[in-house]
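One letter stands for each residue in the lines below.
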Amino acid sequence: KAGVTQTPRYLIKTRGQQVTLSCSPISGHRSVSWYQQTPGQGLQFLFEYFSETQRNKGNFPGRFSGRQFSNSRSEMNVSTLELGDSALYLCASSLEGQYNSPLHFGNGTRLTVT
Amino acid sequence: GQNIDQPTEMTATEGAIVQINCTYQTSGFNGLFWYQQHAGEAPTFLSYNVLDGLEEKGRFSSFLSRSKGYSYLLLKELQMKDSASYLCAVGGGSYIPTFGRGTSLIVHP
């Protein structure tokens, strides 16, 4: 079974631009969540989608948004990029998004904002 | 709110045993996860505890005490490949676990 696939692996953008990241979950997984990982803050939760609906949202500004398609693939968008948005963005899928469901992570997208 | 604490860094010798602690204060509790993350790679699931006690899985064991808000990950017979970051994550009131900042484990010969 293929794992979680994230594209692209690396991105370099300048301040003020916007960016879209893509995530394909494991086949059959309906829950997709997004995390921002930085050395100082660790893994910070952005949002979670389940069956095309945003079910949970973290404490990030509205510049961060996402969506999920009917095939469970998900995209995340960041508008008006700031230097502080430089981070590794990880997508994770789980089968049913239940309390005891382990997360399966993709290798992430490394975003650098200059 | 959620508060999860784990040591930033630990070092150990190949062949030894190391215990990585995690303490938490959460509103609601629906289990505790441990993940391993090698540098430049995705985190991978190691264990899940929801009841008190020790869960053993090969060289790795995880312990939970809900009354103390405490867990540890025990790694036996350390190997060089165990050098990685170990993430403690607690499931609170929602389906989404909150992660600690991770413990970087360095195993030296």
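Described in the following lines is the structure provided in the data block. (Residues numbered from 1 in each chain as written. Chains lettered and ligands numbered in written order. Predicted model: local features only at pLDDT ≥ 70, side-chain atom pairs only at ≥ 80, totals over all residues. Heavy atoms only, no water.)

As enumerated under the stated definition, the model contains two disulfides over all chains in all. The disulfide that involves Cys23 of chain A links it to Cys91 of chain A, with 1.8 Å between the sulfurs. Measuring handedness by torsion sign, the sulfur bridge of Cys23 of chain A and Cys91 of chain A sits at about -55° and is left-handed. Taken together, the positions of Cys23 of chain A in strand β3 (residues 19-24) and Cys91 of chain A in strand β9 (residues 87-94) put the pair 68 residues apart, joining distant regions of the chain. A residue is classified by how much of its surface remains accessible, and Cys91 of chain A, at 0% relative accessible area, is buried. Note that Cys22 of chain B is cross-linked by a disulfide to Cys88 of chain B, the S-S spacing being 2.0 Å. Across the disulfide from Cys22 of chain B to Cys88 of chain B, rotation about the S-S bond amounts to roughly -65°, and the bridge is consequently left-handed. (Disulfide = S-S within 2.5 Å. Helix = DSSP H or I, 4+ residues; strand = E, 2+ residues; numbered from the N terminus. Buried < 20%, exposed > 50% of the residue type's maximum accessible area, 1.4 Å probe, protein only.)

The next thing to look at is the sheet that holds strand β7 (residues 64-68) of chain A. All names here are of chain A. Pairing is antiparallel in the open sheet, where four strands are placed in the order β1-β3-β8-β7. Two strands bound the open sheet, and with one partner strand each, they are β1 (5-7) and β7. Neighbour-to-neighbour, the strand axes of the sheet open up by a mean angle of 15°, direction not taken into account. By the bridge criterion, three bridges tie β1 to β3 in an arrangement that is antiparallel. From the neighbouring strand, Thr7 faces β3, where its bridge partner is Ser22. (Pairing = 2+ DSSP bridges. Axes fitted to C-alpha atoms, helices over the stretch in contact; angles between N-to-C directions.)

Bringing the interface of chain A and chain B into the picture now. Tallying the contact residues gives 22 residues for chain A and 19 residues for chain B. Overall, the association of chain A and chain B removes approximately 1,700 Å² of surface from exposure, summing both partners, and the carbon and sulfur fraction of that is 62%. Area buried by chain A at its contact with chain B is led by Leu43, Tyr99 and Phe105 of chain A, which between them contribute 34% of it. Applying the counting rule to chain A against chain B returns zero salt bridges. Applying the counting criterion to the chain A and chain B interface returns five residue pairs in polar contact (both at pLDDT 80 or more). Where the side of chain A that touches chain B is concerned, the elements lending two or more residues are β4 (31-38), β5 (42-50) and β6 (53-57) of chain A. Counting residues per element, the side of chain A that touches chain B draws most heavily on β5 of chain A, which supplies four residues. Class assignment of the residues belonging to the side of chain A that touches chain B gives a composition of eight nonpolar, 11 polar and three charged. (Contact = heavy atoms within 4.5 Å. Buried area = accessible area lost by both parts, 1.4 Å probe. Salt bridge = Lys/Arg side-chain N within 4 Å of Asp/Glu carboxyl O. Polar contact = N/O pair within 3.5 Å; in protein donor to acceptor, adjacent residues only side chain to side chain. Nonpolar A, V, L, I, M, F, W, Y, C, P; charged D, E, K, R; others polar.)

Before going further, it helps to spend a moment on the side chain of Arg63 of chain A. Residue and element names in this part refer to chain A. Checked against the element boundaries, Arg63 lands in the loop between β6 and β7. For Arg63, a relative accessible area of 15% gives the class buried. A distance of 3.1 Å separates a polar side-chain atom of Arg63 from the backbone oxygen of Thr80. Within the structure, Arg63 has its side chain in polar contact with the side chain of Asp85 (distance 2.8 Å). Beyond its immediate stretch of four places on either side in the chain, Arg63 contacts Asn77, Val78, Ser79, Thr80, Leu81, Glu82 and Asp85.

Right, let's talk about the pairing of strand β11 (residues 103-108) of chain B for a bit. All names here are of chain B. Burial along β11 is one-sided: the face carrying Thr103, Leu105 and Val107 is buried and the face carrying Ser104, Ile106 and His108 is not. Inspection of the sheet shows strand β2 (residues 9-13) paired to β11 by five bridges, in the parallel sense. Bridge pairing in β11 places Met10 opposite Leu105.

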